[in-house]
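Single-letter residue listing:
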Amino acid sequence: MKKLAVIAAAGLVASPAFAATGPFFSLRNTNFIVLIAFLVFVGILFYFKVPARIGTLLDQRAHGIRRDLDEAKRLREDAQEIYASFERRQREVAGQAEQIVANAKREAEAQAAKAKADLKTSIERRLKAAEDQIASAENDAVRAVRDRAVQTAVAAASTLLAQQVGAGQRSAGIDDAIEDVARRLN
């Protein structure tokens, strides 16, 4: 209550109705009234410990800012670690991609070589089959010519023997000639 009375008295003393020009230490001098009002105001601020409270609030604010800066620094370090981790992973993935490409290239080359070898084997197999067919056809032709020659020789021999030999000797001579021709051809 005392404080309120002091504030009210200062307000009445410092009112513009009392301010006027004249000697400096007079209540009619405006500058003196403003000086007294200012000193009373500063006194009230110190009486209510406003500077200490403002200092405490500023210290708390500074502490909060310091805490926020520390948190920001920690978050920045975490972000840098995560970034470095992602860079390492990117390098690993790039290396793996290069290995995959190299493996795919080697596999493609191996498949191409295998396909080439398979094609060569297939061609050789077909050539061999064609050669076998040609040899078989040759053997068949030789056999057919031989058979035809035997038949022709038998027919010629039969005709010659029929002209030279009589009826009784014919069958014995034909049998001997057939056996002779068969022995010579085999």
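In this text the structure is predicted, and so the values were computed from the model without any measurement. (Residues numbered from 1 in each chain as written. Predicted model: local features only at pLDDT ≥ 70, side-chain atom pairs only at ≥ 80, totals over all residues. Heavy atoms only, no water.)

1. Focus on the overall build of the protein chain
No. 1: In terms of regular secondary structure, the protein chain is built from four helices and zero strands.
No. 2: When the helices and strands of the protein chain are placed in sequence order, the string is α-α-α-α.
No. 3: Across the 186 residues that make up the protein chain, the buried fraction comes to 5%.
No. 4: Of the contacts formed within the protein chain by residues at least 6 apart in sequence, a portion of 21% connects residues at least 24 apart.
No. 5: Counting only carbon and sulfur atoms, one obtains 62% of the accessible surface of the protein chain, whose full area is about 15800 Å². (Helix = DSSP H or I, 4+ residues; strand = E, 2+ residues; numbered from the N terminus. Buried < 20%, exposed > 50% of the residue type's maximum accessible area, 1.4 Å probe, protein only. Contact = heavy atoms within 4.5 Å. Areas by Shrake-Rupley, 256 points an atom, 1.4 Å probe, with all protein chains shown as cover.)

2. Some remarks on the confidence of the model for the protein chain
No. 1: In the predicted model, the protein chain carries a mean pLDDT of 84, and the fraction of residues at 70 or more is 81%.
No. 2: Of all helices and strands in the protein chain, the one with the weakest mean pLDDT is helix α1 (residues 2–13) (56), whereas helix α2 (residues 30–47) scores best (92). (pLDDT = per-residue confidence, 0-100.)

3. Re the UniProt feature "transmembrane region" (unreviewed entry) in the protein chain
No. 1: Here, the residues flagged by UniProt with the feature "transmembrane region" (unreviewed entry) are residues 29–48.
No. 2: Across residues 29–48, the secondary structure splits into 90% helix and 0% strand, with the terminal C-alpha atoms separated by 29 Å. (UniProt positions renumbered as here; feature names shortened; annotations may be inferred.)

4. Observations regarding unusual backbone geometry
No. 1: The backbone phi angle of Lys-49 is positive, close to 55°, even though this residue is not glycine.
No. 2: Tracing the backbone shows Lys-49 in the loop between α2 and α3 (50–164).
No. 3: The exposure class assigned to Lys-49 is exposed, which follows from its relative accessible area of 57%.

5. Here's the deal with α2
Quick reminder: α-helices carry 3.6 residues per turn. Residues three or four places apart thus point the same way.
No. 1: Taking 1.5 Å per residue, 18 residues should reach 26 Å; α2 reaches 25 Å between its end C-alpha atoms and fits that length.
No. 2: Backbone nitrogen of Asn-31 and a side-chain oxygen of the N-cap are separated by 3.0 Å at the start of α2; the cap is Asn-29.
No. 3: Following α2 by one or two positions, Lys-49 has its phi on the positive side, about 55°. (Expected span 1.5 Å × (residues − 1). Polar contact = N/O pair within 3.5 Å; in protein donor to acceptor, adjacent residues only side chain to side chain.)

6. Quick look at the pattern of salt bridges
Opposite charge on two side chains permits them to pair, given that their charged atoms come into close proximity.
No. 1: A full pass over the atoms with the stated rule returns five salt bridges.
No. 2: The partner of Asp-78 in a salt bridge is Arg-74, and the shortest N-O contact between them spans 3.1 Å. Note that Asp-78 and Arg-74 are positioned in helix α3 at a spacing of four residues, about one turn of the helix.
No. 3: Asp-78 gets classed as partly exposed once you look at its relative accessible area, which sits at 30%.
No. 4: Here Asp-140 and Arg-143 are joined by a salt bridge, their closest N and O atoms 3.2 Å apart. With Asp-140 and Arg-143 both in helix α3 and three residues apart, the pair spans about one turn of that helix.
No. 5: Overall, the relative accessible area of 48% leaves Arg-143 in the partly exposed class.
No. 6: Residues joined in a network through salt bridges with shared partners are Glu-71, Arg-74 and Asp-78. (Salt bridge = Lys/Arg side-chain N within 4 Å of Asp/Glu carboxyl O.)

7. A look at the packing of aromatic side chains
No. 1: Taken as a whole and assessed by the stated rule, the structure comprises one aromatic pair.
No. 2: With a centroid separation of 5.3 Å and 80° between ring planes, the pair formed by Tyr-47 and Phe-48 is classed as edge-to-face.
No. 3: With a relative accessible area of 33%, Phe-48 lands in the partly exposed category. (Phe/Tyr/Trp six-rings, centres within 6.5 Å; stacked < 30°, edge-to-face > 60°.)

8. Description of a nonpolar patch on the surface
No. 1: Residues Phe-24, Phe-25, Leu-35, Phe-38, Leu-39 and Phe-41 make up a contiguous nonpolar surface patch of about 670 Å² in total accessible area.
No. 2: Tracing the sequence through the fold places Phe-41 in helix α2. (Patch = residues over 30% accessible without salt bridge, like charges linked within 9 Å, V, L, I, M, F, W, Y side chains within 5 Å.)

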